Amino acid sequence: MGEIATASSTLDQTRQRRTNRTAALLGFLAIATQRFGFGGDGEGPGVQAATIVLLFSVAWTIFVFRAKLLAASAVLYCAITASVCVSAILAFSERATATMPSLLLMLATYSVVLVAGAGVVHGLGNHFFRGAIIAIGVGAVLAVFQEVLQRLGRGFFDPLTVFPQQFLVGGYNTYWDLRYQGGVGLFKPNGIIFLEPALLSLYTSIGLVYVLTRLTGKQGLRDRRSNIFLLVAMAGGFAVSASASGVAGVRLVAWCQFLRGSRRR
């Protein structure tokens with residue numbers, strides 16, 4: 001009986017590790033695939049790959065783990081959906097080629113609130129978010145690499161240009177020429193995987209918040225070296241983005257850290 005119980009426990013642990021890795025992979029893909037899409041006309045794909053990843057993640061949580069939908073979560077999602085739709089209608093114009101793909105991506109992103117109250121989601125959510133943080137860290141390192149190559153006179157590095165245009169998301173400021181801001185023909189780094197330099201700034205600010213939170217907690221002490229590397233990578237990506245989109249996030253975490261320090265005193 002003891003051997004059977006041990007075998008069963010080992011099998012459960014193996015399944016749990018596999019589930020955690022799947023959640024982390026989905027989190028990574030949710031960030032890393034945002035420049036890819038399909039179903040469009042070459043100027044702006046109808047559906048972004050990241051939208052499919054996010055919707056699959058929610059469906060996987062609901063159907064595989066039988067996560068229960070809470071009425072409060074459903075009401076919150078409906079309110080968010082209404083707000084997003086109103087914003088899209090107000091922002092719509094003839095040149096807004098990315099309006100519909102962006103709308104779908106936002107609705108898919110906020111769909112996670114539907115299962116936010118389920119007990120199983122807490123553990124899966126942690127692994128999903130860690131996968132996303134790894135993708136952001138990769139993008140931050142690539143952004144620094146792009147900046148270094150430009151400063152060395154090697155031009156703007158973007159290997160995704162080898163893909164057919166109909167498989168890449170259009171309608172975004174993916175390539176932002178700094179000459180419009182008094183530059184000398186350089187481009188703002190986009191980290192290759194991000195749709196815009198502004199999103200590089202935004203996501204790396206989120207990464208900074210995450211890493212700083214871990215470094216100031218007990219968990220961060222267990223893996224301090226990798227957290228410090230992530231911190232340097234996120235800070236580097238944020239700095240070279242030349243965008244203020246993530247400044248609000250950095251200010252918020254700086255204020256929160258100041259309040260925590262004041263309370264300890």
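Reference entry: report on the structure contained in this document.

Criteria and cut-off values
- Residues numbered from 1 in each chain as written.
- Predicted model: local features only at pLDDT ≥ 70, side-chain atom pairs only at ≥ 80, totals over all residues.
- Heavy atoms only, no water.
- Helix = DSSP H or I, 4+ residues; strand = E, 2+ residues; numbered from the N terminus.
- Contact = heavy atoms within 4.5 Å.
- Areas by Shrake-Rupley, 256 points an atom, 1.4 Å probe, with all protein chains shown as cover.
- Core = buried A, V, L, I, M, F, W, Y, C linked by side-chain atoms within 4.5 Å.
- Buried < 20%, exposed > 50% of the residue type's maximum accessible area, 1.4 Å probe, protein only.
- Expected span 1.5 Å × (residues − 1).
- Salt bridge = Lys/Arg side-chain N within 4 Å of Asp/Glu carboxyl O.
- Phe/Tyr/Trp six-rings, centres within 6.5 Å; stacked < 30°, edge-to-face > 60°.
- Axes fitted to C-alpha atoms, helices over the stretch in contact; angles between N-to-C directions.
- Parallel < 35°, antiparallel > 145°, perpendicular 65-115°, else oblique.
- Left-handed = near helix turned anticlockwise from the far one by under 90°.
- Nonpolar A, V, L, I, M, F, W, Y, C, P; charged D, E, K, R; others polar.

**What to know about the overall build of the protein**
Counting its regular elements, the protein contains 9 helices and 2 strands. Starting at the N terminus and walking to the C terminus, you meet the elements of the protein as α-β-β-α-α-α-α-α-α-α-α. For the protein, the share of sequence-separated contacts (at least 6 apart) that also reach a separation of at least 24 residues comes to 72%. Carbon and sulfur atoms provide 66% of the accessible area of the protein, an area that totals close to 15700 Å².

**What to know about the nonpolar core**
The biggest cluster of nonpolar side chains holds 17 residues, and the ones touching the most others in it are I31, I133, I136, F194, V211, L230 and M234. Secondary structure elements with two or more residues in this core: α5 (119-151), α6 (197-215) and α8 (224-240). What I31 contacts, discounting residues up to four positions off in sequence, is A132, A135, I136, I193, F194 and Y203.

**Some words on helix α2 (residues 49-64)**
The end-to-end C-alpha distance of α2, which contains 16 residues, comes to 22 Å, matching closely the 22 Å that a straight helix rising 1.5 Å per residue would cover. Where α2 is concerned, the buried positions are A49, A50, T51, V53, L54, S57, V58, W60 and T61. One or two positions beyond α2, positive phi appears at R66, with a value near 55°.

**Remarks on the pattern of salt bridges**
Taken as a whole and assessed by the stated rule, the structure comprises 2 salt bridges. Between R35 and D158 there is a salt bridge, with its nearest N and O atoms 3.1 Å apart. Placement of R35 in the loop between α1 (2-32) and β1 (37-38) and of D158 in the loop between α5 and α6 is noted, with a sequence separation of 123 residues between them. D158 matches R35 in its accessibility class, with the two residues each being buried. Salt-bridge contacts for R151 lead to E147; the nearest nitrogen and oxygen are separated by 2.9 Å. Here R151 and its partner E147 are both found in helix α5, 4 residues apart, which amounts to about one turn of the helix.

**As for the packing of aromatic side chains**
A full pass over the atoms with the stated rule returns 6 aromatic pairs. Between F145 and F157, the aromatic rings sit 5.7 Å apart at their centres with planes inclined by 85°, giving edge-to-face as the arrangement. Of this pair, F145 sits in helix α5 while F157 sits in the loop between α5 and α6, and the two are 12 residues apart along the sequence. For F145, a relative accessible area of 41% puts it in the partly exposed group. For F157, a relative accessible area of 32% translates into the label partly exposed. Through a chain of ring-to-ring contacts, three or more aromatic side chains come together here, namely F156, Y175 and F187.

**What about unusual backbone geometry?**
What you tend to see is this: most non-glycine residues have negative phi, and most peptide bonds are trans. For I192, which is not glycine, the phi dihedral falls at a positive 70°. When you line up the elements, I192 lands in the loop between α5 and α6.

**Description of the packing of α6 against α8**
When two helices pack together, their arrangement is given by the angle between their axes and by how far apart the axes lie. Contact geometry of α6 with α8 gives a least axis separation of 9 Å together with a crossing angle of 155°. Judged on the interaxial angle alone, α8 and α6 are roughly antiparallel. The crossing of α6 and α8 is left-handed. In this structure, α6 uses L200, S201, T204, S205, G207, L208, V211, L212, R214 and L215 to contact α8, whose residues at the interface are R224, N227, I228, L230, L231, M234, A235, G237 and F238. When the residues that make up the contact of α6 with α8 are grouped by side-chain class, the tally is 11 nonpolar, 6 polar and 2 charged.

**Focus on the environment of L230**
Looking at where L230 falls in the secondary structure, it is placed in helix α8. Residues L230 and G207, 23 residues apart in the sequence, show an inter-C-alpha distance of 8.1 Å. Apart from the residues lying within four places of it in its own chain, the contact partners of L230 are I133, G137 and V211.

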